[in-house]
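Reading the structure
Chain by chain, the residues:
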Amino acid sequence: MRARIAHGALRLLPLFLVLAAWQLAFAFGWLPKWLLPAPSAVASAFKALVLSGELASNTAASLARAGIGFAVAVIVGIGLGVLMARVRAIELAIEPILLLIYPVPKPALIPLFMIWLGIGNFSKIAVIALACLLPVVVATFNGARSVDPVLLWSARARGTSEHRLLWRVVLPAALPQIAAGVRTAIAIAIIVLVSSEFISSESGLGFLIFSYGGVGADDAMLAVVLYLAFLGYLLDRLYVAGLRRIMSWHAFAH
Amino acid sequence: MRYGSGAKAVAALEAIDLDVAQREFVTIVGPSGCGKSTLLYLVGGFLKPTSGSLQLHGKPIAGPGRDRGIVFQRYSLFPWLTVAGNIAYGLEEQGLPRAERERIVDEHVRLVHLEGFKDRYPRELSGGMQQRVALAQTLACNPEILLMDEPFGALDAQTRRLLQDELRRIWQRDTKTVLFVTHDVEESVALGTRIVIMAARPGRIKEVVTRGFDVTDGDEFDANPAFVDLKVRIWRSVKEEVEAARASGASP
């Protein structure tokens, strides 16, 4: 346990070094204030954001949007990926559309979604869902498609019917790949969330960044950006820790 | 039996004519690429023959079935199930009640000497232990026929010898019919009461040899002159095929 804590601290060392260099550069006057606010200024802005309750309420608004979009993407994505892997006609119909949408920067679709779905939460959630959907579908499709035929044969020889194979073998065998796709979707959810809140929003962490940046409150803006980075990191760690518990049978690379 | 279609189709097997009696232990030996695994997959019902027929008790083989259990070379365990879960798999699919399943699982865990490993996952086991689990998983379903596709091929020599002894003992106890594919000539003689030698390209049966003596495990049967003679004879026959395959430009 102590070794693990020491190891964890060691991994954070580069971050502390960057932080220390930043503060020193400011203290020696190498870093003009208009270029980058001091870490101490960012820290006190962060404290003010916490105390006013502004951070908590906007975090809640953001997490609700991202959470709903992400959840829809995971459910639809796994379903669609499995269907594509099992039914050739569905694969042929959907694959070219997916490949076309995949490289499009999803925030670029926000104006279009607002025309279709209004400027409220609905269009934001829809864009987040679409962006998160793609890595989940692709991972599920690849995972379900690349199940070792030996496992399928093995199950068939032990009495598993063709249509039960999906639950008994295909999905569990594809789970490591699906889990990796979902992990990508977590990061994408945060990226697209913030972009969507830049545009005509009255709440959320993206809105905070945009409005503080707009009035030149760089320290508060940066505080929210760093907070977002930490939030994303935390969500990813929690997800991976949860996976390790649930999927203890799988050898994780990291 | 052909792979692919049209001009690119490769005849994997041709003119195979083999009758296997109940309770026989038939080993199939031959150079790589002679289609010995294909033959096994046909019997398993995983592949369909392009011509000819396969029959089990006079009825054509339509697909995989619980009467035929298969053990693959490796990586055939379900990685998300524990040792006990893997062994219980076929029993769950049969809908056996829990108490019954547990009894059969425990019995088979003991049979393959994996007491204490019931709750481990396949990735935590050595190759030899994984193959023991695969054997137990198949035996637990109590199939009439055991199909074995080079099940010990990826193991080290000592482990292989131990597992051969275990398999022989299980076969003597349960007297199941076994079809065992191997590229190891010694293994084919050590296990098979009848040894089928196959030739490559197209895969066909070259020779069928009946082992005229008993092999009992534990002792040094491999020093028995009759064993050595048969081994040498079969090796010569297989070697001709390996050389023929090499001359025709195929691997190795």
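Going by the structure above, here's the rest.
Residues numbered from 1 in each chain as written. Chains lettered and ligands numbered in written order. Predicted model: local features only at pLDDT ≥ 70, side-chain atom pairs only at ≥ 80, totals over all residues.

What about the overall build of chain B?
Cut-off, in case you're wondering: We count a stretch as a helix when DSSP gives it H or I for four or more residues in a row; a strand needs E for two or more, and each element gets its number in order from the N terminus. Residues are called buried when their C-beta atom has 20 or more other C-beta atoms within 10 Å, exposed when it has 12 or fewer, and partly exposed otherwise; all C-beta atoms are positioned from the backbone. A pair of residues counts as a contact when their C-beta atoms, built from backbone coordinates, are within 7 Å of each other.
Along chain B, the regular secondary structure elements total seven helices and 10 strands. In terms of principal-axis extent, the alpha carbons of chain B reach across some 55 × 50 × 35 Å. Taking all 252 residues of chain B together, the buried fraction comes to 38%. Once local pairs closer than 6 in sequence are excluded, the contacts in chain B between residues at least 24 apart make up 71%.

Some remarks on the environment of Arg65 of chain A
Residue and element names in this part refer to chain A. Its location among the elements puts Arg65 in helix H3 (residues 54–86). You can call Arg65 buried: it has 25 C-beta atoms within 10 Å. Along the backbone, Arg65 and Ala3 are 62 residues apart, and their C-alpha atoms lie at a distance of 38 Å. The residues contacting Arg65, other than those within four sequence positions of it, are Asn121, Lys124, Ile125, Ile128, Leu193 and Gly204.

Quick look at the interface of chain B and chain A
Facing 20 residues of chain B, the contacting portion of chain A comprises 14 residues. Secondary structure elements with two or more residues in the side of chain B that touches chain A: strand S6 (68–71) and helix H2 (83–94) of chain B. The element best represented in the side of chain B that touches chain A is H2 of chain B, accounting for four residues.

With respect to the pairing of strand S8 (residues 177–182) of chain B
Condition: If the strands point away from the viewer and the path from the first strand over the helix to the second runs clockwise, then the crossover is right-handed.
The element S8 of chain B is largely enclosed, with a buried count of five among its six residues. As a crossover connection, the stretch from strand S7 (residues 145–149) of chain B through helix H5 (residues 157–174) of chain B into S8 of chain B is right-handed.

Keep in mind that these numbers describe shape and distance, not what the molecule does.
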